[in-house]
Amino acid sequence: MNPFRKRFESSAFPFSLVYKDRKNLQTELPDHVHDWYELVYVYSGKGTFFIDQTFYEMRQGDLFAIPGNTIHQAFPDREDPVTSTAIFFNPLLVQQTALGDTFSYLNSFKQCKERKSYKLEQHPDQQKAMESDIDRMYTELHNKPIGYRHAIVLNLQHMLLSLIREFGLSDRQHPDTLAIGPKWMNDTLLYIEEHMSEDIGLAVLSQLVSVTPAHYSRVFKQRVGMNVSEYLITKRVVKAKDLLLETDANISEIAERCGFETLPHFHRMFKRMLGMTPAAYRRSTEHSLS
């Protein structure tokens, strides 16, 4: 019923690398959400990448920065599937000691989330540097010389710092958030984002764009990879997680702000997706940040 929630093994080294993987429709994961942050670099091929509420073209040299708890799904081209490397890491891995400023290695991800734009288009020289960084991390992880974990963290920090310096507030951070597919589908994805706290569902969304519920449901599932109700619940739970972490609002207020009909329904959906109650999640995040 829920999108696939990718699990990572608990370890002292919260990092994972899927190196030069050739994607296809049979092996690609369904829509998934995870707490770790993710970078996806494309070497070759083409496809479509759905992230949060937008469809992106995938081409050689593209880089996607996906913050934790963001719905995403890749759709490789049948004839020319994407070959890419995916880097996953727990944000705690790159936390740094305060040095008198507000710098964070996660700034690029934060900007992507604020802008709702997750594609970073690189120049050829930047692509070469990215590929070299990835190769070094893969070699360290594969050969495991002494200090390899520290070497990977240093390399990851260098990569993230380079992204911050290269993109910052540059317009190249969101070069082509093109409406791929039916315009009415993109319009309703934006509508969901802006009206999440309201009573919306298949009937409302299909009526909004003057298509039948059956047609809307079929195209939505085909384009996004999950049905309307799954997408709505996931978006609402993700928003609730942010509010639990970033505000002092009580749980009843958060449930209402995220569009849950009742507090028991909020508790049930939150626990089904995360395996814990909203209150337990808030306590766990407070403990990890202390």
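Keep in mind that this is a model prediction, so the values were computed, not measured.

**As for the overall build of the protein chain**
Step number 1: Check the secondary structure of the protein chain and you find 10 helices and 10 strands.
Step number 2: Looking at the protein chain as a whole, 50% of its 290 residues qualify as buried.
Step number 3: Sequence separation of 24 or more characterises 73% of the internal contacts of the protein chain that already satisfy a separation of 6 or more.
Step number 4: Total accessible area computed for the protein chain in this model is approximately 14600 Å², and 51% of it derives from carbon and sulfur atoms.

**Quick notes on the pattern of salt bridges**
Step number 1: Per the stated rule, a full pass over the model turns up 12 salt bridges.
Step number 2: A single network of salt bridges, built from pairs that share partners, joins D52, K116, E193 and K235.

**Things to note about the nonpolar core**
Step number 1: F15, L39, F49, I87, F89, L156 and L160 are the most contacted members of the largest nonpolar core, which totals 43 residues.
Step number 2: It is helix α3 (residues 148-167) that contributes the most residues to this core, 8 residues altogether.
Step number 3: The contacts of L39, once residues within four sequence positions are left out, are L63, F64, A65, T85, A86, I87, F109, M159, L160 and L163.

**Let's talk about the confidence of the model for the protein chain**
Step number 1: Chain-level statistics for the protein chain give a pLDDT mean of 86 and a share of 87% at 70 or above.
Step number 2: Between the elements of the protein chain, mean pLDDT differs from a low of 46, seen in strand β1 (residues 4-5), to a high of 96, seen in strand β4 (residues 37-44).
Step number 3: Of the regions scoring below 50 in pLDDT, residues 1-5 engages in 20 contacts with residues more than four places distant in sequence or in other chains.
Step number 4: The low-confidence segment residues 172-176 (pLDDT under 50) makes 26 contacts with residues lying over four places distant or belonging to another chain.

**A word on empty space enclosed by the protein**
Empty space left among the atoms is revealed by rolling a probe the size of a water molecule over them.
Step number 1: This model, assessed by the stated rule, comprises 1 cavity of 30 Å³ or more.
Step number 2: For the lining of the largest cavity, the leading source of residues is strand β8 (residues 72-76), giving 3 residues.
Step number 3: Residues of the lining of the largest cavity, tallied by class, amount to 5 nonpolar, 1 polar and 1 charged.

**Observations regarding the pairing of strand β6 (residues 54-58)**
Step number 1: Extensive coverage of β6 is indicated by the burial of 4 of its 5 residues.
Step number 2: As paired strands, strand β5 (residues 47-51) and β6 are joined by 5 bridges and run antiparallel to one another. Looking across to β6, one finds that G47 is bridged to M58.
Step number 3: The hairpin turn running from β5 into β6, its antiparallel successor, is 2 residues long, and D52 in that turn takes a positive phi close to 65°.

**Comments concerning the side chain of K119**
Step number 1: Residue placement: K119 occurs in strand β10 (residues 119-121).
Step number 2: At 3.0 Å, the side chain of K119 forms a polar contact with the backbone oxygen of E57.
Step number 3: Reaching out from K119, the side chain makes a polar contact with the side chain of D62 at a distance of 3.1 Å.

**Description of the packing of aromatic side chains**
Step number 1: Per the stated rule, a full pass over the model turns up 18 aromatic pairs.
Step number 2: With a centroid separation of 6.0 Å and an interplanar angle of 35°, the aromatic rings of Y37 and F89 are classed as tilted. Of the two residues, Y37 sits in strand β4 while F89 sits in strand β9 (residues 83-89), which places them 52 residues apart along the sequence.
Step number 3: Relative to F55, the ring of F50 lies with its centre 4.9 Å away and its plane at 45°, an arrangement referred to as tilted. In terms of burial, F50 and F55 fall into one category: buried.
Step number 4: Three or more aromatic residues joined by ring pairs form one cluster here, namely F50, F55, W184, Y216, F220 and Y231.
Step number 5: The ring of Y43 carries K20 above its face, with NZ or CZ at 5.2 Å from the centroid.

**Quick word on the sheet that holds β9**
Step number 1: Strand order in the open sheet made by the 5 strands is β2-β9-β4-β7-β10, with antiparallel pairing throughout. Of all strands in the sheet, those bounded by a partner on one side alone are β2 (15-22) and β10. Pairs of neighbouring strands in the sheet enclose a mean axial angle of 15°, with direction left out of account.
Step number 2: Relative to β10, strand β7 (residues 62-66) runs antiparallel, the two being bridged by 3 bridges. Its bridge partner lying in β10, L63 is registered against L120.
Step number 3: Against the sheet, helix α2 (residues 124-143) makes contact with β2, β4, β7 and β9, and its axis sits at roughly 115° relative to β2, the strand it touches most.
Step number 4: On top of the sheet, α3 reaches β2, β4, β7, β9 and β10; it is set at about 105° to β9, its chief contact.

**Comments concerning the environment of D135**
Step number 1: Topologically, D135 is positioned in helix α2.
Step number 2: According to the relative accessible area criterion, D135 is partly exposed, its value standing at 30%.
Step number 3: Discounting chain neighbours no more than four positions away, the residues touching D135 are Y19 and K20.

Cut-offs and rules
Residues numbered from 1 in each chain as written. Predicted model: local features only at pLDDT ≥ 70, side-chain atom pairs only at ≥ 80, totals over all residues. Heavy atoms only, no water. Helix = DSSP H or I, 4+ residues; strand = E, 2+ residues; numbered from the N terminus. Buried < 20%, exposed > 50% of the residue type's maximum accessible area, 1.4 Å probe, protein only. Contact = heavy atoms within 4.5 Å. Areas by Shrake-Rupley, 256 points an atom, 1.4 Å probe, with all protein chains shown as cover. Salt bridge = Lys/Arg side-chain N within 4 Å of Asp/Glu carboxyl O. Core = buried A, V, L, I, M, F, W, Y, C linked by side-chain atoms within 4.5 Å. pLDDT = per-residue confidence, 0-100. 1 Å grid on protein atoms, 1.4 Å probe; cavity = no way out; pocket = protein on both sides within 12 Å on 5 of 7 lines; lining within 4 Å. Points joined across faces, edges and corners; volume = space filled by probe spheres on them. Nonpolar A, V, L, I, M, F, W, Y, C, P; charged D, E, K, R; others polar. Pairing = 2+ DSSP bridges. Polar contact = N/O pair within 3.5 Å; in protein donor to acceptor, adjacent residues only side chain to side chain. Phe/Tyr/Trp six-rings, centres within 6.5 Å; stacked < 30°, edge-to-face > 60°. Lys NZ or Arg CZ within 6 Å of the ring centre and 35° of its normal. Axes fitted to C-alpha atoms, helices over the stretch in contact; angles between N-to-C directions.

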